[in-house]
Amino acid sequence: MSWLVLVVSGVLEAVWATALGRSDGLTRLAPTIVFAISIVLSMGGLAYAMRELPVGTSYTVWVGIGATLTVTVAMITGQEPASVVKVLLIAGIVGCVIGLKLLH
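Keep in mind that this is a model prediction, so the values were computed, not measured.

Chemist: Explain the side chain of T32 to me, please; I cannot follow it from the model alone.
Modeler: With respect to the element layout, T32 can be found in helix α2 (residues 29-49). Given the relative accessible area of 19%, T32 is considered buried. Setting aside anything within four residues of it in sequence, one finds T32 in contact with S23, L26 and T27.

Chemist: Got a minute to help me understand the packing of aromatic side chains in this structure?
Modeler: Scanning the entire structure with this criterion turns up two aromatic pairs. An angle of 75 degrees between the planes, with centres 6.0 Å apart, marks the rings of W16 and F35 as edge-to-face. Of this pair, W16 sits in helix α1 (residues 2-22) while F35 is found in helix α2, placing the two residues 19 residues apart along the sequence. A relative accessible area of 15% places W16 in the buried class. Taking 5.8 Å as the distance between ring centres and 35 degrees as the angle between the ring planes, the aromatic pair formed by Y59 and W62 counts as tilted. With a gap of three residues between them, Y59 and W62 both fall in helix α3 (residues 55-76), about one helical turn apart. Look at Y59 and you get partly exposed, because its relative accessible area is 45%.

Chemist: Where do I start with the nonpolar core in this structure?
Modeler: Nonpolar side chains tend to gather and get buried jointly when the protein is soluble and globular. One finds W3, L6, W16, A19, F35, L46, A49, L53, V61, W62, I65 and V97 forming the largest nonpolar core, which totals 12 residues. Sort the elements by how many residues they give to this core and α1 lands first, with four residues. In this structure, I65 is in contact with V7, G10, V11 and V97, ignoring residues within four places of it in sequence.

Chemist: Quick question: what am I supposed to make of the environment of R22 here?
Modeler: Locating R22 in the fold gives a position in helix α1. Among the residues examined, R22 registers a relative accessible area of 35% and is labelled partly exposed. A sequence separation of 28 residues divides R22 from M50, and the C-alpha atoms of the two residues are 29 Å apart. If we ignore the near neighbours within four places in the chain, the residues touching R22 are R28, P31, V73, T77 and Q79.

Chemist: Can you help me understand the packing of α3 against helix α4 (residues 84-103) in this one?
Modeler: A pair of packed helices is captured by two measures, namely the crossing angle of their axes and the spacing between those axes. It is at 10 Å that the axes of α3 and α4 come closest, and there the two elements cross at 150 degrees. By the angle between their axes, α3 is roughly antiparallel relative to α4. For the element pair α3 and α4, the recorded crossing hand is left-handed. On the side of α3, the interface is formed by T57, T60, V61, G64, I65, T68, V71, T72 and M75, while α4 contributes K86, V87, I90, I93, V94, V97 and L100.

What counts and what doesn't
Per-chain numbering applies: the sequence of each chain, read as written, is numbered from 1 onward. Only residues with pLDDT of at least 70 are given local features in this predicted model, and only at 80 or more are side-chain atom pairs given and counted; all residues enter the totals for whole chains, interfaces and linings. Water and hydrogen atoms play no part in the side-chain values, which are based on all heavy atoms of the structure. Every helix listed is a DSSP run of H or I at least four residues long, and every strand listed is a run of E at least two residues long, numbered separately from the N terminus. Each residue's exposure class comes from its accessible area (1.4 Å probe, protein chains only) as a fraction of the maximum for that residue type: buried when under 20%, exposed when over 50%, partly exposed otherwise. Any two residues whose heavy atoms approach within 4.5 Å are treated as being in contact. For this analysis, a ring pair means two rings from Phe, Tyr or Trp (six-membered ring only for Trp) whose centres lie within 6.5 Å, classed as stacked if their planes differ by under 30 degrees, edge-to-face if by over 60, and tilted for the remaining angles. In these notes, a set of buried Ala, Val, Leu, Ile, Met, Phe, Trp, Tyr and Cys residues joined through side-chain atoms within 4.5 Å is what counts as a nonpolar core. Only the stretch in contact is used when fitting a helix axis, every axis being a line fitted to C-alpha atoms; angles between N-to-C directions are given from 0 to 180 degrees. For this classification, under 35 degrees means roughly parallel, over 145 means roughly antiparallel, 65 to 115 means roughly perpendicular, and everything else is oblique. Here a crossing is called left-handed whenever its near helix is offset anticlockwise from the far helix by less than a right angle, and right-handed whenever the offset is clockwise.

Below, the structure written as C-alpha cells:
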C-alpha cells in the first residue's frame, strides 16, 4: 500500500509543480487552488509512505516521478523544448525509480 500511495503522491507532485508554474506567481486563482490542494495531498502521501519505506528511497522515487511527469507535460504542451537526449535522460530517471522498487 505504501508504494501505491508513494506513486500517487509523485503524480500529485507533478500536478502541484505544473499548477505552480501556471499560477503566475500565485496570482491566478484556479491554478493556485490546484497547487494548494495537490501539494498538501502530495506531502501527506509522501509522509504516509515514509512510515514504512526508507526516507531516501521514498524521497527519490517521489521526486523522480514528479520531475519526470512535470517535464513530460511541459514538453508535450510546448512549454519546454524536447530533444532525443532529454527524453533518454528522463527515461534514465524512470529506470532508476523502477530499479529502486525492484531492490526494495
